[in-house]
Amino acid sequence: MAGEAESGPLRLEFDRSVKVEFSGSAISSDGGLLLHRELDDALGLSDMAAGLLADVRTGQNGRHRLADFLRQSVFSRLAGYEDVNDADRLCHDPVMRQIVGGRAVKTGAASASAMGRFETEMLTQPDNLTALIDLPGRWIDAVHDKRPPKVITLDMDSSESPVHGDQEGSAWNGHFQKKCLHPLFVFNQFGDLERCSLRPGNVHSADGWEDVLKPVLARYSASARPSIKRRRFRGDAAFAIPALFDLLEAEGWDYAIRMKSNAKLHERIDHLTKRSPGRPPNHVVRLYTSFHYRAKSWSKARRIVAKVEFHPGELFPTVGFIVTNRSLPNERVMAFYQGRGTAEQHIKEGKYALKWTRLSCMKFAANAVRLQLHALAYNLANFLRTAATPELIERWSLTSLRERLIKTGTRLVRHGRYAIFQIAEVAIPRDVFAAILNMINTLRGPPAGATCA
């Protein structure tokens, strides 16, 4: 504007008394990230990760530590910046600089080029990628060490990550009717992502299930987690695999897995699929039965629970089959299986709140790294939701938590010894913020050197 200094305020013509100043190094739109950083510190998550990853840099003048890079990668994704394109702007953000820590507080966080090298060169090293794949489970273990669960329920499912170029591994998938990559996920009943794996777009939904599931089962074995008294697994028809049944039974897991229908199964329920004489009712009629069945590839006969539903106006009934080793009544087995729909909801939250389908690198290994970084961001967000949110906001979705908690305007004021972040109370009242901090502090261990009286 004519007459205004380049660094001075801008005047608005609709009201000449209003001026606009830009203070990029003192103002942030992501004040709520400070809570996630506090949770990270309480559980020791980033430091744990840095201890498992190898720093392959050979120079001696690296400005940022490995833990600093990792925090910037994870926390920027938490705030909705799903790739490194925004790093040149975020490196000046006062909240991001404080979260990253170290030299970033005074000199700025890592640039886009530095972050790109970290994610596509350092983390794609085979040993680092292997460690990165293990990290979501290790982070969950840190939470469970503070709050040991008595029951664990695992849900396994696959999803698509659409691509819009010639990314390595992308292919047309007939089931999803699009060109994509095809990741595989395992969630627990708390919504935590236990483990995930990126796969080419044209593989079967259950391809590579052993590599994803077996490490999770090992972490929850009786010797590893004696506090867990019940172990349960759910999966759709893609996971009706004889080797999976045998593994779960050998490891002491209960399971309910949907089966594709076939002529032999339908023969066993013919008596239920015939409509009763008379005028059909105006409500859904549900019928259940169970029987033992052994396919040729199975090592033994197993229990099958069948549900037949007659819907008003429908000529034929809807039929579903579940293979299970649970001894519950038929209706409860079906209800337990239907709970796996929460896994689909978790995947949707990952897609929309954390943008983990943003796999835009050309190399498959780089996209595999990106998926794991998104998984860490997702878990950190979910840890806050499940372990450190007061009743007022405990039912918020991850999208709501990002838009209404993380995206809180914040102003940094520095004094001699303190950095004070002044947070806009319109979005998050002080008492809610304080309640979250108090809940996070309950997850901390005793101070170093403390002894019991």
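Criteria and thresholds
- Residues numbered from 1 in each chain as written.
- Predicted model: local features only at pLDDT ≥ 70, side-chain atom pairs only at ≥ 80, totals over all residues.
- Heavy atoms only, no water.
- Pairing = 2+ DSSP bridges.
- Helix = DSSP H or I, 4+ residues; strand = E, 2+ residues; numbered from the N terminus.
- Axes fitted to C-alpha atoms, helices over the stretch in contact; angles between N-to-C directions.
- Contact = heavy atoms within 4.5 Å.
- 1 Å grid on protein atoms, 1.4 Å probe; cavity = no way out; pocket = protein on both sides within 12 Å on 5 of 7 lines; lining within 4 Å.
- Points joined across faces, edges and corners; volume = space filled by probe spheres on them.
- Nonpolar A, V, L, I, M, F, W, Y, C, P; charged D, E, K, R; others polar.
- Buried < 20%, exposed > 50% of the residue type's maximum accessible area, 1.4 Å probe, protein only.
- Expected span 1.5 Å × (residues − 1).
- Parallel < 35°, antiparallel > 145°, perpendicular 65-115°, else oblique.
- Core = buried A, V, L, I, M, F, W, Y, C linked by side-chain atoms within 4.5 Å.

Sheet architecture is open: 8 strands sit in the order β9-β8-β4-β10-β11-β14-β13-β12, paired in mixed fashion. Strands at the two margins of the open sheet, each flanked by one partner only, are β9 (193-197) and β12 (285-293). Put simply, the sheet's adjacent strands are angled 20° from each other on average, direction ignored. Where strand β4 (residues 151-158) meets strand β8 (residues 184-188), 5 bridges bridge the pair, whose relative direction is antiparallel. Within β8, the position partnered with Asp157 by the bridge is Phe185. Strands in contact with helix α12 (residues 330-338) are β4, β10 (230-235), β11 (254-259), β12, β13 (302-310) and β14 (318-324); relative to β13, the strand with the most contacts, it is inclined by about 85°.

Turning next to the layout of surface pockets. When its volume is computed, the largest pocket comes out at roughly 430 Å³. Looking at the largest pocket, it is lined by 21 residues, and the ones nearest its centre are Asp157, Ser158, His175, Phe176 and Asp236. Elements that contribute at least two residues to the lining of the largest pocket include exactly β4 and α13 (341-353). If you tally residues by element for the lining of the largest pocket, the top one is α13, at 5 residues. Residues belonging to the lining of the largest pocket are distributed by class as follows: 6 nonpolar, 7 polar and 8 charged.

With that settled, the discussion passes to the pairing of β11. Bridge analysis of β10 against β11 gives 4 bridges, and the strand direction is parallel. Across the sheet, residue Phe233 finds its bridge partner in β11, namely Tyr255. Two elements, β11 and β14, share 4 bridges in a ladder whose sense is antiparallel. Considered in β14, the bridge of Ala256 is made with Thr324.

With that settled, consider unusual backbone geometry. Only a minority of non-glycine residues have a phi that is not negative, and only a minority of peptide bonds are not trans. Even without being glycine, Gln177 reaches a positive phi, approximately 55°. In this fold, Gln177 is placed in the loop between β6 (171-173) and β7 (178-181). Phi at Lys355 takes a positive value of approximately 55°, unusual for a residue other than glycine. Take Lys355: it is sitting in the loop between α13 and α14 (364-387).

Take the sheet that holds strand β3 (residues 27-28) next. If you walk across this open sheet you meet the 3 strands as β3-β15-β16, and the pairing is antiparallel. Because the sheet does not close on itself, it has two edges, and the strands there are β3 and β16 (419-423). Of the pairings in the sheet, the one linking strand β15 (residues 410-414) to β16 comprises 5 bridges and is antiparallel in character. Bridge pairing in β16 links Val413 to Ile420.

With respect to the helices and strands, Lys214 occurs in helix α9 (residues 209-219). Remark: the alpha-carbon pair of Lys214 and Leu248, spanning 34 residues in sequence, is separated by 9.7 Å. Beyond its immediate stretch of four places on either side in the chain, Lys214 contacts Trp209 and Leu247.

All right, on to the side chain of Glu82 then. Its location among the elements puts Glu82 in the loop between α3 (66-78) and α4 (87-90). On the accessibility criterion, Glu82 (15% relative accessible area) is buried. With residues up to four places along the chain from it excluded, the contact list for Glu82 reads Arg77, Lys355, Arg358, Arg370 and His374.

The next subject is the environment of Leu193. With respect to the helices and strands, Leu193 occurs in strand β9. Beyond its immediate stretch of four places on either side in the chain, Leu193 contacts Pro136, Ile140, Phe185, Val186, Phe187, Trp356, Ala375, Tyr378 and Asn379.

With that settled, consider α13. Here α13 is 13 residues long and its end C-alpha atoms lie 18 Å apart, about the 18 Å a rise of 1.5 Å per residue gives. Along α13, the residues that are buried comprise Ala343, His346, Ile347, Glu349, Gly350, Lys351 and Ala353. Lys355 sits one or two positions beyond α13 and adopts a positive phi of about 55°.

Another aspect to go through is the side chain of Asp40. By the element assignment, Asp40 lies in helix α1 (residues 33-43). The buried category is assigned to Asp40, whose relative accessible area is 2%. Asp40 has contacts with Leu45, Ser46, Arg71, Phe75 and Leu380, leaving out every residue within four places of it along the chain.

What follows covers the packing of α1 against helix α16 (residues 430-441). Two measures define how a pair of helices packs: the angle their axes make with one another and the distance between the axes. Remark: α1 packs on α16, axes separated minimally by 9 Å, with the N-to-C direction vectors making an angle of 10°. When the axis of α1 is compared with that of α16, the two are roughly parallel. Only Phe433, Ile436, Leu437, Ile440 and Asn441 of α16 make contact with α1, whose side of the interface consists of Leu35, Glu38, Leu39 and Ala42. Considered class by class, the residues forming the contact of α1 with α16 number 7 nonpolar, 1 polar and 1 charged.

Moving on, we get to the nonpolar core. Judged by nonpolar contacts, the single largest core of 119 residues is most densely connected at Leu154 and Phe233. The element best represented in this core is α14, accounting for 13 residues. In contact with Phe233, other than residues within four places in its own chain, are Leu154, Met156, Leu213, Leu244, Leu248, Trp253, Asp254, Tyr255, Ala256, Ile257 and Phe336. Ranked by size, the runner-up nonpolar core spans 8 residues in total, among them Ala256, Val333, Met334 and Tyr337.

Interpretation in functional terms is not warranted from these geometric data alone.
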